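Structure assessment
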Amino acid sequence: MSLQHAEGGAPLSTPRKYASHSIENRRALIARAARQLIVEKGPEDFTMAEISLKAGVATKTIYNSIGGKSELIAQAVEHYQDELRDAVRLPANYGLEDVLSNLAGICGRLVKEPGWGRAIATLYFGRDYGEEVVSRLRMVSQAHLDPCWDWLDRQGMLLANAPRDLILRQFAGTAYALLSDWSLGRIEDAALFPSLAFALLTTLLAATDPAGHAELMRHARRVATAGTMS
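1. Brief notes about the pattern of salt bridges
All told, the structure shown has ten salt bridges when counted by the stated rule. By sharing partners, the salt bridges in this structure join E78, E132 and R136 into a single network.

2. Side note on the packing of helix α4 (residues 69-87) against helix α6 (residues 114-125)
Closest axis-to-axis distance for the α4/α6 pair is 12 Å, and the angle between their directions is 125 degrees. On the basis of the axis angle, α4 is oblique to α6. Taken as a pair, α4 and α6 cross one another with a handedness that is left-handed. Facing I73, A76, V77 and Y80 of α4, the residues of α6 in contact are W116, I120 and L123.

3. Concerning the packing of aromatic side chains
We describe a pair of aromatic rings using the distance from one ring centre to the other and the angle between the two ring planes. Counting across every chain of the model gives three aromatic pairs. Pairing Y124 with F125 gives two aromatic rings, centres 5.2 Å apart and planes at 85 degrees, and the pair type is edge-to-face. Exposure remark for F125: the relative accessible area of 46% places this residue in the partly exposed category. An angle of 20 degrees between the planes, with centres 4.6 Å apart, marks the rings of Y124 and Y176 as stacked.

4. Comments concerning the packing of α4 against helix α7 (residues 131-154)
Interaxial distance between α4 and α7 falls to 9 Å at its minimum, and their mutual angle equals 10 degrees. Judged on the interaxial angle alone, α7 and α4 are roughly parallel. Two secondary-structure elements touch here, α4 through S70, I73, A74, V77, E78, Y80, Q81 and L84 and α7 through E132, V133, R136, L137, M139 and V140. Residues of the contact of α4 with α7, tallied by class, amount to nine nonpolar, two polar and three charged.

5. Thoughts on the nonpolar core
L72, W116 and L204 are the most contacted members of the largest nonpolar core, which has 68 residues in total. In terms of residue count, α7 provides more of this core than any other element does, nine residues in total.

6. A word on unusual backbone geometry
Positive phi, close to 60 degrees, is recorded for N161, a residue that is not glycine. On the secondary structure map, N161 appears in the loop between α7 and α8 (164-183). The exposure class of N161 is exposed, given its relative accessible area of 79%.

Cut-off values and rules
- All chains use their own residue numbering, which begins from 1 and follows the written sequence.
- The predicted nature of this model means local features are confined to residues of pLDDT at least 70 and side-chain atom pairs, given and counted, to a pLDDT of 80 or more, with totals for whole chains, interfaces and linings taken over all residues.
- Computation of side-chain values covers all heavy atoms of the structure but excludes hydrogens and water.
- For this document, the term salt bridge refers to a Lys or Arg side-chain nitrogen within 4 Å of an Asp or Glu carboxyl oxygen.
- Comment: axis = line fitted to C-alpha atoms, over the contacting stretch for helices; angle = value between 0 and 180 degrees taken between N-to-C directions.
- A run of H or I in DSSP becomes a helix once it reaches four residues, and a run of E becomes a strand once it reaches two; helices and strands are each numbered from the N terminus.
- An angle counts as roughly parallel when it lies under 35 degrees, as roughly antiparallel when it exceeds 145, as roughly perpendicular when it falls between 65 and 115, and as oblique in every other case.
- Left-handed is the label given to a crossing in which the near helix is rotated counterclockwise from the far helix by less than a right angle, and right-handed is the label when the rotation is clockwise.
- Here a residue-residue contact requires only that any non-hydrogen atoms of the pair lie within 4.5 Å.
- In this scheme Phe, Tyr and Trp rings, the latter by its six-membered ring, pair at centre separations within 6.5 Å, and the angle between planes marks the pair as stacked below 30 degrees, edge-to-face above 60, and tilted otherwise.
- The buried label applies to any residue whose accessible area, calculated with a 1.4 Å probe on protein chains only, is under 20% of its type's maximum; exposed applies above 50%, and partly exposed to all values in between.
- In this classification, Asp, Glu, Lys and Arg are treated as charged, Ala, Val, Leu, Ile, Met, Phe, Trp, Tyr, Cys and Pro as nonpolar, and every other residue, Gly included, as polar.
- We define a nonpolar core as any set of buried Ala, Val, Leu, Ile, Met, Phe, Trp, Tyr and Cys residues linked to one another through side-chain atoms lying within 4.5 Å.

Given below as structure tokens:
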């Protein structure tokens, strides 16, 4: 369901009668409205009154249910995390091809919603959005890194005491920098997936033994030359 047609997506010029919702549904409505306004206006420029109108809940309810603006932005990112969790499905005996195929699907979703890609890159590198927002955005990157890490571990290719947190931070920083470049037109839509996939695979080189290096580079070369996963 697109954000434009999701529940709570009424135009701001048409105030809605406040309705009664369960706490969970209310938080979801608010998160969808916040995400849509972040896309439309940027993280800086939406107001709580606009969220109230778009979500169909009282402003006081937003403060009581979620909090202020930083908490709202974090909730919008969490809503995005939930979408990715639902979209990313791996078979029991998955390989790196399956992880990269899921990443290609996520890139396809971002290409259809460029404003959101621009917004999350801005949020990641911004100074005033709170550590909770950055932490949740790192968790989005972690959703792609963790399956690769676990697969390499099962294959016995991980180095002992590999610096997982450091590698995650490096991949997250690189991924959001690529998203920022893409949102500014420096990376074409078709190159977004191979750029992110190459970054993911090469970041993991620091965690693997020679066999892992060879496996990761085999996939990295394939992505770099083909640009898509067959």
